[in-house]
Amino acid sequence: MRTASVERKTRETQIRVSLNLDGSGQSRFDTGIPFLDHMLDQVARHGLIDLDIQATGDRHIDDHHTVEDIGITLGQALDRALGDKKGIVRYGHSYVPLDEALSRVVVDLSGRPGLEYFVEFPRARIGDFDVDLFREFFQGLVNHARLTLHIDSLRGRNAHHIVETVFKAFGRALRMAVAADPRMGDVTPSTKGSL
C-alpha cells in the first residue's frame, strides 16, 4: 500500500495528514476551515485517495498559515507515499465542468516543483474564505510534493463553481498520474532513470 502520515508543527500551526493513494475516496477533515474541507473532500473523492487531515493554527490572525501549511504537509505526504515512483503513469490530466464553470488541471510527478496557476475569481471571498489562499495551498503542495502542476480555469462566473472544478480536476488528474502502469512494470517513467 502506498501510504504516508506526516506531521508539521510550527509556532503558527499543527498539521497532521494521513493518506492512502490506493484508497477508495474515504475522507476525514478537521481543519477549522469548512470551505477548505469541502474542497479537500473533492480531491479525496475524485482522486480515490483516502485522506485524513487534522489542523489547528493561528486562525485568530487569518487562515493563511493554516491553509498554506496544509498544502505543504499534504505535499510531503504525497511525496513520501509515491516513493521512488517506479511503475507509475507519471502524467495526469482532467477537464471538469460544473454548470457554467470549466477547469483543466495537468500534473507531472516530475520531481521538479512548478506551479502555473491561471484562475480568476469574480469576487475576493467565498463565504469567509479568501480566494487568494487557494494559490497558496497549491504552491505549498507543489513545492513539497515535487510535482509540476498546471491549473487553468477556462470559464466560469460563480466563484464556488470555479474552485470546485479546480479541486475535482486536480483529484482526477492526480488519480491518473499515480496509477500503476502495467506496461511500465518496475521501471521509472523517465529516461534519466529517476524522478
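From a predicted model like this one, the values you see are computed outputs, not experimental measurements.

A. Broad picture of helix H3 (residues 132-145). The end-to-end C-alpha separation of H3 is 21 Å, in line with the 20 Å expected for 14 residues at 1.5 Å each. Looking at H3, one finds that the buried residues are Leu 133, Phe 134, Phe 137, Phe 138, Gly 140, Leu 141, Val 142 and Ala 145.

B. Representation of the packing of helix H2 (residues 64-82) against H3 in the model. Where H2 meets H3, the axes come as close as 7 Å, and the angle between the chain directions of the two elements is 30 degrees. Our classification of the angle between H2 and H3 gives roughly parallel. In the crossing of H2 with H3, the sense of the turn from one axis to the other is right-handed. Note on element contacts: H3 touches H2 through Leu 133, Glu 136, Phe 137, Gly 140, Leu 141, His 144 and Ala 145, opposite His 64, Val 67, Glu 68, Ile 70, Gly 71, Ile 72, Leu 74, Gly 75, Gln 76, Leu 78 and Asp 79. Taken together, the residues of the contact of H2 with H3 sort by class into nine nonpolar, six polar and three charged.

C. Representation of the pairing of strand S2 (residues 13-20) within the structure. Note: strand S1 (residues 3-9) against S2, seven bridges, orientation antiparallel. Its bridge partner being in S2, Arg 8 is matched across the sheet by Ile 15. The hairpin turn running from S1 into S2, its antiparallel successor, is three residues long. As paired strands, S2 and strand S4 (residues 50-57) are joined by eight bridges and run antiparallel to one another. Note on S4: the bridge partner recorded for Leu 19 is Leu 51.

D. Focus on H2. If you check H2, its first and last C-alpha atoms are 27 Å apart, about what 19 residues at 1.5 Å a residue would give, namely 27 Å. With respect to burial, H2 is a largely interior element, 14 of its 19 residues being buried. In the stretch just after H2, Gly 83 is the one whose phi turns positive, near 60 degrees.

E. Here's a closer look at the sheet that holds strand S6 (residues 101-108). One open sheet holds the four strands; their spatial order is S5-S6-S10-S7, and the pairing between them is mixed. Edge positions in the sheet fall to strand S5 (91-98) and strand S7 (114-118), since each of these pairs with one other strand and no more. Strand-to-strand twist in this sheet, taken as the mean axis angle between neighbours without regard to direction, amounts to 10 degrees. As paired elements, S7 and strand S10 (residues 148-155) share five bridges and run parallel to each other. Following the sheet pairing, Tyr 117 is matched in S10 by Ile 151. Here H3 sits on the sheet and contacts S7 and S10; the angle it forms with S7, its principal contact strand, is near 160 degrees.

F. Local environment of the pattern of salt bridges. The tally for this structure, following the rule as stated, stands at ten salt bridges. Note that Arg 104 is salt-bridged to Asp 152, the shortest N-O span being 3.4 Å. In this pair, Arg 104 sits in strand S6 while Asp 152 sits in strand S10, placing the two residues 48 residues apart along the sequence. Linking Glu 164 and Lys 168 is a salt bridge whose minimum nitrogen-to-oxygen distance equals 3.1 Å. A residue pair is termed a helical-turn pair when its members lie 3 or 4 positions apart in one helix, as Glu 164 and Lys 168 do in helix H4 (residues 159-178) at four residues. Of the two residues, Glu 164 and Lys 168, both sit in the buried class.

G. The packing of H3 against H4, seen in detail. Axis separation between H3 and H4 bottoms out at 12 Å; the angle between their running directions is 15 degrees. In this view, H3 runs roughly parallel relative to H4, as classed from their interaxial angle. Considering only the axes of H3 and H4, their crossing is left-handed. Contacts from Phe 134, Phe 137, Phe 138 and Leu 141 of H3 reach H4 at Val 163, Val 166, Phe 167 and Phe 170. Of the residues in the contact of H3 with H4, the class split is eight nonpolar, no polar and no charged.

Rules behind the numbers
- Residues numbered from 1 in each chain as written.
- Predicted model: local features only at pLDDT ≥ 70, side-chain atom pairs only at ≥ 80, totals over all residues.
- Heavy atoms only, no water.
- Helix = DSSP H or I, 4+ residues; strand = E, 2+ residues; numbered from the N terminus.
- Expected span 1.5 Å × (residues − 1).
- Buried < 20%, exposed > 50% of the residue type's maximum accessible area, 1.4 Å probe, protein only.
- Axes fitted to C-alpha atoms, helices over the stretch in contact; angles between N-to-C directions.
- Parallel < 35°, antiparallel > 145°, perpendicular 65-115°, else oblique.
- Left-handed = near helix turned anticlockwise from the far one by under 90°.
- Contact = heavy atoms within 4.5 Å.
- Nonpolar A, V, L, I, M, F, W, Y, C, P; charged D, E, K, R; others polar.
- Pairing = 2+ DSSP bridges.
- Salt bridge = Lys/Arg side-chain N within 4 Å of Asp/Glu carboxyl O.

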